[in-house]
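Read off the chains here:
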Amino acid sequence: MDTLNDPPTQWPWLEISIFVLSVVFVFAAIKIIVLDDDEERLVKLVVPVPEQCSPEWKGEVLEEPTIKVPPSSTPLYVSQQESQISGSSAIRCYCPANGRLLGLVNPSTPDGIDRAIAKAKEAQTEWARTTFKQRRRVLKTMLKYILDNQDTIATAACLDSGKTKVDASLGEILVTVEKLKWTIQHGEKSLRPERRPTNFLMMYKYNEVKWEPLGVIAACVSWNYPFHNFMGPLISTLFTGSALVVKASESTAWSTQYFGTIARAALVSCGHSANLVQPVLCWPQTASHLTSHPGISHVTFIGSRPIAHHVALSAARSLTPLCLELGGKDPAILLDDVKNLEKVASILMRGTFQSAGQNCIGIERIICLHRIWPRIVTILESRIRALRVGSALDDPNDVDVGAMVSDSRFGHLEKLVTDAVNQGARCLVGGKRFVHHRYPKGHYFQPTLLVDVTTSMRIATEELFAPICVIMRAASLDEAIGMANSTPYALGASVFGTATKDLERAAKEINAGMISINDFAVYYAVSLPFGGVRGSGYGRFGGEEGLRSISNTKAVCRDRFPGLISTSIPPALDYPIEGARRAWEVCRGVVELGYGIEMLRRAGGLWRIVKNG
């Protein structure tokens, strides 16, 4: 038979696929059987869904959307729900995208904060004794609920912050499930006791470092990512065996109640106390009672630099350690050898306009080398000009950029743009607040493109936290790095290009706590330690460093051979010391024996000990 004329052998792809899937299912079944015990079995949560998350819900549009209830002297601005409590201290919650009233929240008082901390402390005593398996079970239960209820969670975040559902998915849900998954898979390894080396003199000792629960931890978190900023510290705190008091922003008080219910329900369903998680909603003047409270063992603060000064001063009263994440002015350097500029432009758009620019690790400055500058300006101008602004829940298919949480900074943003233009910058797109024809009570700012910006302009140094794309030009990589380092901030940064030498140099010389090479903020999607330096704060959350930073780092030193070899004080050093000169010679001998560089010195040290001891 002429085999050359036979048809080519066809791989049995269907059979191979079935075999591979069968193997996967078998291993999955084995894993389920092995882990199917009380400490690992998942629990289905039943959490009441806020009526405002229903597509049919239509809240009352406020005449004056603000978080404070106006005084009774202005009845025109008071809603029907508020008619009996106008001028009260209640926090008024509304949707920034359309001005619809979400509800009212009674703020916590100092007494209420005391009670919350006391409850958390009592519950934490028992929680500290739980196993990592038990803690993983709680986190897995939360993970399953989030995966099953993504639409509801995203809707709640959008209602309270004004963002789009895509932004909620990427900035709220994806990063939260990543942190849950990472902690479930790697958290125990990060907190296991770690063996540490000994030395010649202490060779009979066994040394280790342990990470133990701190007690009650506080987190004061910002409004730009209400779900993730609530869940992030909660995940780490619970896994370390501590309890958490969360002071969420009054600007997103409504959704915090729902998110807190999810966490507390997961604890209860797994047989633990809901009091381990204590959401606190209060006005700023009350927050210092929490941050200075002697019952708090650690404070994580996410917010602005001016407020951080007050938090640090407050925490100092009880010597409470801090982790401060204070935002940034993150640069993205574009080298001249960028290959796929359209692809990079897409990353820059996401990094600049996600959550209407209200992103602490958002791209606030694009620094281009000369050859690439005209091309990126052309690409970004057409894209930014095409962006559609509006309420993503009302018009899900016609919105790219959502609302800002408040309009209180619009005047300042407009002034920064105007000042920059007066100093030589060019505003190619936007630059002003935007009154939406369908949602006139919403808080919208035009997507903006500002080019020819220099380091002397305030818009190049102040954190904008707004949908404003700033493009700057650099003549060389040296100048680009200098421009990147020209602000007080040093949180994150990006660099795009091809030459490895230039990329690595930029990554090394840019002042920042985090760097993405040919990407934007990817370090947050893989649970690396998160945080900055200089004006962006100090401390880290996320990853191994984040877990350990909110634990008690305890050093333990034991006898390696108990009962056989242990520390014995030489007679010459035993109290009361009989001869100080002889004792000194023994001490000198011990130092030389243990730490001498040359063998002759070490031998001499041993002789001193024998001679005088």
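Computed from a prediction, not measured in an experiment: that's the story for all the values here.

### Some details on the packing of aromatic side chains
- Inspection of the entire model under this criterion finds 7 aromatic pairs.
- Considering the side-chain rings of Phe227 and Phe259, the 4.9 Å spacing of their centres and the 65° angle between planes classify their relative orientation as edge-to-face. Residue Phe227 is located in helix α6 (residues 226-240), and its partner Phe259 is located in helix α7 (residues 253-269); the two are separated by 32 residues in the primary sequence.
- Residue Phe259 is classed as buried on the basis of its relative accessible area, which comes to 0%.
- An aromatic cluster is built from Phe227, Tyr258 and Phe259, whose rings are joined through pairwise contacts.
- For Arg305, the ring lying beneath its charged end belongs to Tyr489, and the centroid distance is 5.6 Å.
- Taking the ring centre of Phe200 as reference, the NZ or CZ of Arg602 above it sits at 4.8 Å.

### Some words on the nonpolar core
- Grouped together as the largest cluster of nonpolar side chains are 161 residues, with contacts concentrated most on Leu334, Leu348, Leu380, Ile459 and Ile471.
- A per-element tally of this core places α7 first, with 8 residues.
- Apart from residues lying up to four places away in sequence, Ile471 is in contact with Ile366, Cys368, Trp373, Val377, Leu380, Leu449, Leu450, Val451, Asp452 and Val453.

### A closer look at the confidence of the model for the chain
- Chain-level statistics for the chain give a pLDDT mean of 92 and a share of 91% at 70 or above.
- Considering only residues more than four positions removed or in separate chains, one finds that residues 28-36, a stretch of pLDDT under 50, has 4 contacts.
- Here residues 73-78 scores under 50 on pLDDT; set against residues more than four positions off or in separate chains, the count is 10 contacts.

### Remarks on the packing of helix α4 (residues 150-161) against helix α5 (residues 165-191)
- Close contact between α4 and α5 brings their axes to 9 Å; oriented N to C, the two are set at 105°. One element, α4, and the other, α5, form an angle in the roughly perpendicular class. Here Gln150, Asp151, Ile153, Ala154, Thr155, Ala157 and Cys158 of α4 come into contact with α5, specifically with Lys165, Ala168, Glu172 and Ile173.
- Class assignment of the residues belonging to the contact of α4 with α5 gives a composition of 6 nonpolar, 2 polar and 3 charged.

### Quick word on the UniProt feature "domain: Aldehyde dehydrogenase" (unreviewed entry) in the chain
- According to UniProt, the positions carrying the feature "domain: Aldehyde dehydrogenase" (unreviewed entry) are residues 89-556.
- For residues 89-556, the end-to-end C-alpha separation is 50 Å, with 41% helix and 19% strand making up the annotated structure.

About the criteria used
- Residues numbered from 1 in each chain as written.
- Predicted model: local features only at pLDDT ≥ 70, side-chain atom pairs only at ≥ 80, totals over all residues.
- Heavy atoms only, no water.
- Phe/Tyr/Trp six-rings, centres within 6.5 Å; stacked < 30°, edge-to-face > 60°.
- Helix = DSSP H or I, 4+ residues; strand = E, 2+ residues; numbered from the N terminus.
- Buried < 20%, exposed > 50% of the residue type's maximum accessible area, 1.4 Å probe, protein only.
- Lys NZ or Arg CZ within 6 Å of the ring centre and 35° of its normal.
- Core = buried A, V, L, I, M, F, W, Y, C linked by side-chain atoms within 4.5 Å.
- Contact = heavy atoms within 4.5 Å.
- pLDDT = per-residue confidence, 0-100.
- Axes fitted to C-alpha atoms, helices over the stretch in contact; angles between N-to-C directions.
- Parallel < 35°, antiparallel > 145°, perpendicular 65-115°, else oblique.
- Nonpolar A, V, L, I, M, F, W, Y, C, P; charged D, E, K, R; others polar.
- UniProt positions renumbered as here; feature names shortened; annotations may be inferred.

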